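Analysis of the macromolecular model
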Amino acid sequence: MNRHQEHFLQKNMKDVSSLILAGIQWFFFLFTNTVVVPLSIGHNFHLSPDAIAASMQHAFILTGAVCILQAVFGHRYAIMDGPSGLWWGLTLSLTVSASSAGMSLERIGGGLAAGFLLAGLTMVILGWLGAAQVLQKLFTPMVKSAMLFLMTIQLTMNFFKGMIGYTEFGRFDLPVAALSVVIPVSGGMDSIEG
């Protein structure tokens with residue numbers, strides 16, 4: 001094998017290994033999002049563990065089907081096709097605010113389901129009409145950044161309460177809180193030693 005062939009082989013191996021690592025990273029991102037969204041929404045709606053498990057199963061099946069369809073027939077971009085963070089944040093915000101205003105969880109859930117169906121229908125119509133160019137001008141990266149920042153702030157308290165094992169009775173679950181501290185610390189120690 002000459003020098004040119006060796007260089008070509010090394011370059012291709014580097015590209016393939018980068019692609020494999022990116023695929024694994026994307027898989028875990030999709031997996032985590034598909035697990036966390038049904039858990040947090042199910043918790044806010046006081047669903048049973050069986051109902052949360054069923055919604056998680058549905059999320060996995062639908063996310064897998066949509067990813068396959070997008071890869072074969074769709075846009076083929078590395079876009080997360082799964083539970084949307086925007087709708088997730090909206091759902092959690094509405095659940096908290098509407099339930100504190102005295103609305104029942106059934107009424108909130110029914111309204112959200114109707115809203116999601118109407119939003120999906122609207123997106124189909126806008127896509128069919130080719131309105132993506134107009135929407136891209138309205139939702140600039142600055143607008144998206146501000147929205148994502150506000151959503152992060154909204155969700156931080158939910159995650160933090162779960163990580164420290166904070167219960168609705170104002171108590172902390174010490175084993176859960178200890179585990180939430182041990183995992184990042186042990187991961188940080190591994191990276192320092194490595």
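In case you missed it, the structure is sitting above this.
It should be emphasised that the depicted structure is a prediction, and the values quoted were computed from it without experimental measurement.

Rules used in this analysis
Residues numbered from 1 in each chain as written. Predicted model: local features only at pLDDT ≥ 70, side-chain atom pairs only at ≥ 80, totals over all residues. Heavy atoms only, no water. Helix = DSSP H or I, 4+ residues; strand = E, 2+ residues; numbered from the N terminus. Expected span 1.5 Å × (residues − 1). Buried < 20%, exposed > 50% of the residue type's maximum accessible area, 1.4 Å probe, protein only. Core = buried A, V, L, I, M, F, W, Y, C linked by side-chain atoms within 4.5 Å. Patch = residues over 30% accessible without salt bridge, like charges linked within 9 Å, V, L, I, M, F, W, Y side chains within 5 Å. Areas by Shrake-Rupley, 256 points an atom, 1.4 Å probe, with all protein chains shown as cover. Salt bridge = Lys/Arg side-chain N within 4 Å of Asp/Glu carboxyl O.

Compared with an ideal rise of 1.5 Å per residue, which puts 25 residues at 36 Å, helix H4 (residues 105-129) spans 36 Å between its outermost C-alpha atoms and is within 8% of the ideal. If you check which residues of H4 are buried, you get Ile 108, Leu 112 and Ala 119. Two residues or fewer past H4, Gly 130 is found with a positive phi of approximately 75°.

Attention shifts here to the nonpolar core. One finds Val 37, Trp 88, Leu 92, Met 151 and Leu 155 forming the largest nonpolar core, which totals 5 residues. Those elements that provide at least two residues to this core are helix H3 (85-100) and helix H6 (141-163).

Once that is clear, we can look at unusual backbone geometry. Its identity as a non-glycine residue notwithstanding, His 46 has a phi of 55°, on the positive side. Within the fold, His 46 resides in the loop between helix H1 (3-44) and helix H2 (49-72).

With that settled, consider a nonpolar patch on the surface. A cluster of nonpolar side chains, namely Val 16, Ile 20, Leu 21, Ile 24, Phe 27, Phe 28, Phe 31 and Phe 60, defines an oily patch on the protein surface of about 770 Å² accessible area. Ranked by the residues each element gives to the nonpolar patch, the list is headed by H1, at 7 residues. Looking at the secondary structure, you find Phe 28 in helix H1. Take Phe 28: its relative accessible area is 47%, and that puts it in the partly exposed class.

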